[in-house]
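# Notes for the structure review
This is what each chain is made of:
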Amino acid sequence: VEFSPCENYLVTYGPTATGQKVIIWDIRTGVEKRSFVADGMSVLSMFRWSHDDKYVARMGDNSIHIYETPSFYLLDLKSIKIPGIRGFSWSPTDNVIAYWVEEQNQIPARVTLMEIPKKREIRNKNLFHVADCKLHWQKSGDYLCVKVARYSKLKKDKKELDVKFLGMFYNFEIFHMREKEVPVDSVEIRELILAFAWEPVGNKFSIIHGEQSNANVSFYEMNKGVKPTLVKKLEKKSCTHLFWSPRGQFI
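Summary of the structure given here. (Residues numbered from 1 in each chain as written. Predicted model: local features only at pLDDT ≥ 70, side-chain atom pairs only at ≥ 80, totals over all residues. Heavy atoms only, no water.)

## What to know about the nonpolar core
Counted only if it meets this: Throughout this description, the term nonpolar core refers to a set of buried Ala, Val, Leu, Ile, Met, Phe, Trp, Tyr and Cys residues connected via side-chain atoms within 4.5 Å. For the exposure calls, accessible area comes from a 1.4 Å probe over protein chains only, and a residue counts as buried if that area is under 20% of its type's maximum, exposed if over 50%, partly exposed in between. A run of H or I in DSSP becomes a helix once it reaches four residues, and a run of E becomes a strand once it reaches two; helices and strands are each numbered from the N terminus. The contact definition used throughout considers only heavy atoms, calling two residues in contact when any of these lie within 4.5 Å.
Residues Leu113, Leu144, Val146, Phe175 and Met177 are the most contacted members of the largest nonpolar core, which totals 18 residues. Listed by contribution, the elements that provide at least two residues to this core are β10 (96-101), β11 (109-115), β13 (130-137) and β14 (143-153). When residues of this core are assigned to their parent elements, the largest contribution, 4 residues, is made by β13. Sequence-distant contacts of Leu144, that is, excluding residues within four places in its chain, are made with Ala98, Leu113, Leu135, His136, Trp137, Glu173, Ile174, Phe175, Met177 and Trp198.

## Notes on the side chain of Ser79
Summarising the element assignment, Ser79 is placed in the loop between β7 (63-68) and β8 (80-81). Relative accessible area serves as the criterion here: at 17%, Ser79 is assigned to the buried category.

## What to know about the sheet that holds strand β5 (residues 48-49)
Let me state the cut-off plainly: Should DSSP find at least two bridges between two strands, the strands are taken to pair.
In spatial order, the strands read β5-β6-β7-β8; together these 4 strands make up an open sheet with antiparallel pairing. Both edges of this open sheet fall to β5 and β8, since each of them pairs with a single strand only. As judged from the 2 bridges shared by β5 and strand β6 (residues 55-60), these two strands associate in the antiparallel manner. Note on β6: the bridge partner recorded for Arg48 is Ala57.

## Notes on the pattern of salt bridges
This is how it is decided: Any carboxyl oxygen of Asp or Glu that lies within 4 Å of a side-chain nitrogen of Lys or Arg is treated as forming a salt bridge with it.
Counted by the stated rule, this structure contains 9 salt bridges. Two residues, Asp76 and Lys119, come together in a salt bridge whose shortest N-O distance is 3.2 Å. Of this pair, Asp76 sits in the loop between β7 and β8 while Lys119 sits in the loop between β11 and β12 (120-127), and the two are 43 residues apart along the sequence. Here Lys125 and Glu173 are joined by a salt bridge, their closest N and O atoms 3.7 Å apart. A residue pair is termed long-range when its members are at least 10 positions apart, and Lys125 in strand β12 and Glu173 in strand β15 (residues 165-176) qualify at 48 residues. Accessibility expressed as a relative area gives 2% for Glu173, which makes it buried. Within the structure, one salt-bridge network assembled from shared partners comprises Asp94, Asp142 and Arg178.

## Considerations on the side chain of Asp185
Note the following rule: Counting rule for charge: Lys and Arg are taken as positive, Asp and Glu as negative, and neither His nor the chain ends is counted.
Residue placement: Asp185 occurs in strand β16 (residues 184-189). The buried charged residue Asp185 lacks any salt bridge partner; its closest oppositely charged side chain belongs to Lys227, at an N-O distance of 4.2 Å. Once you skip the residues sitting within four places of it in the chain, Asp185 turns out to touch Phe172, Glu173, Ile174, His176, Met222, Val226, Lys227 and Pro228.

## Focus: the pairing of β11
The element β11 is extensively covered by neighbouring structure, given that 5 of its 7 residues are classed as buried. With 6 bridges joining them, β10 and β11 adopt antiparallel strand pairing. Note that in β11 the partner of Ile97 across the bridge is Met114. Relative to β12, β11 runs antiparallel, the two sharing 7 bridges. Of the residues in β12, the one forming a bridge with Thr112 is Asn124. From the end of β11 to the start of β12, which pair antiparallel, there are 4 residues, and Lys119 there has a positive phi angle of about 60°.

## Things to note about unusual backbone geometry
The step from Thr69 to Pro70 runs through a cis peptide bond, and the omega angle for that step is 5°. Here the residue pair Ile116 and Pro117 is connected by a cis peptide bond, since its omega of 15° sits within 30 degrees of zero. Locating Pro117 in the fold gives a position in the loop between β11 and β12. A positive phi angle, near 60°, is found at Phe72, a position not held by glycine. Within the secondary structure, Phe72 sits in the loop between β7 and β8. Take Phe72: its relative accessible area is 1%, and that puts it in the buried class.

## Some points on the packing of aromatic side chains
To be explicit about the condition: Side-chain rings of Phe, Tyr and Trp (the six-membered ring for Trp) are treated as a pair once their centres are within 6.5 Å; stacked means planes under 30 degrees apart, edge-to-face means over 60, and tilted covers the remaining angles.
Scanning the entire structure with this criterion turns up 13 aromatic pairs. Measuring from ring centre to ring centre gives 5.5 Å for Tyr9 and Trp49, while their planes differ by 5°; the resulting arrangement is stacked. One end of the pair, Tyr9, is in strand β2 (residues 9-16); the other, Trp49, is in strand β5, with 40 residues separating them in the sequence. Judged by relative accessible area, which is 10%, Trp49 ranks as buried. Judged by centre distance (5.1 Å) and plane angle (90°), the ring pair of Tyr9 and Phe72 falls under edge-to-face. Placement of Tyr9 in strand β2 and of Phe72 in the loop between β7 and β8 is noted, with a sequence separation of 63 residues between them.

Keep in mind these numbers describe shape, not what the thing actually does.
Right, dumping it as structure tokens:
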């Protein structure tokens, strides 16, 4: 069972007379608004709501399906075709979707911000040698951080046709959502990343990096017009998780 952010709708997953289904209900009336057949796996977590309950979206094959409430028809009666899409997430405060697309045939991976319902792309960022991306929104919607796991590239041997990759390093691509043209900053860390967390209300983020038994905890501050600034580094800590207080300032 999941509730929509404004508690207008309830999403359930479970058996029905015709098989496993995901059903979206109107909470106040108990009316079934839309149902989806679940093909052998729980697709409950695939449904993601906009902050205001106006839209619910799910990822399909090379596409995003966005449904408008209260009709639950597809937005503009069609899905949005996005070849190679691997993940997406709504802004917690605005009707903006962030999604990322994998590398294909030497075309770089890409992170895109799309405004809904206009489907207008407001920012793109190309990325190379990408293994995986994770999308982290700050709770106030002021920033989006994309944690990018990247392959370290080795030089190609003259006798070999393939480029070899060895090891991983990480980039944090940080989108300034409230600034004109959405500038993007990068922070690179060449160590294993154990955790990342935004200050919920504020302009800081924290990272645990290194080996679990001997990790470092770094705190960065965001300011307009300058790159993220390292403000504090705790060294040689045995830790794996970060927990900010709900209003920030304490961790």
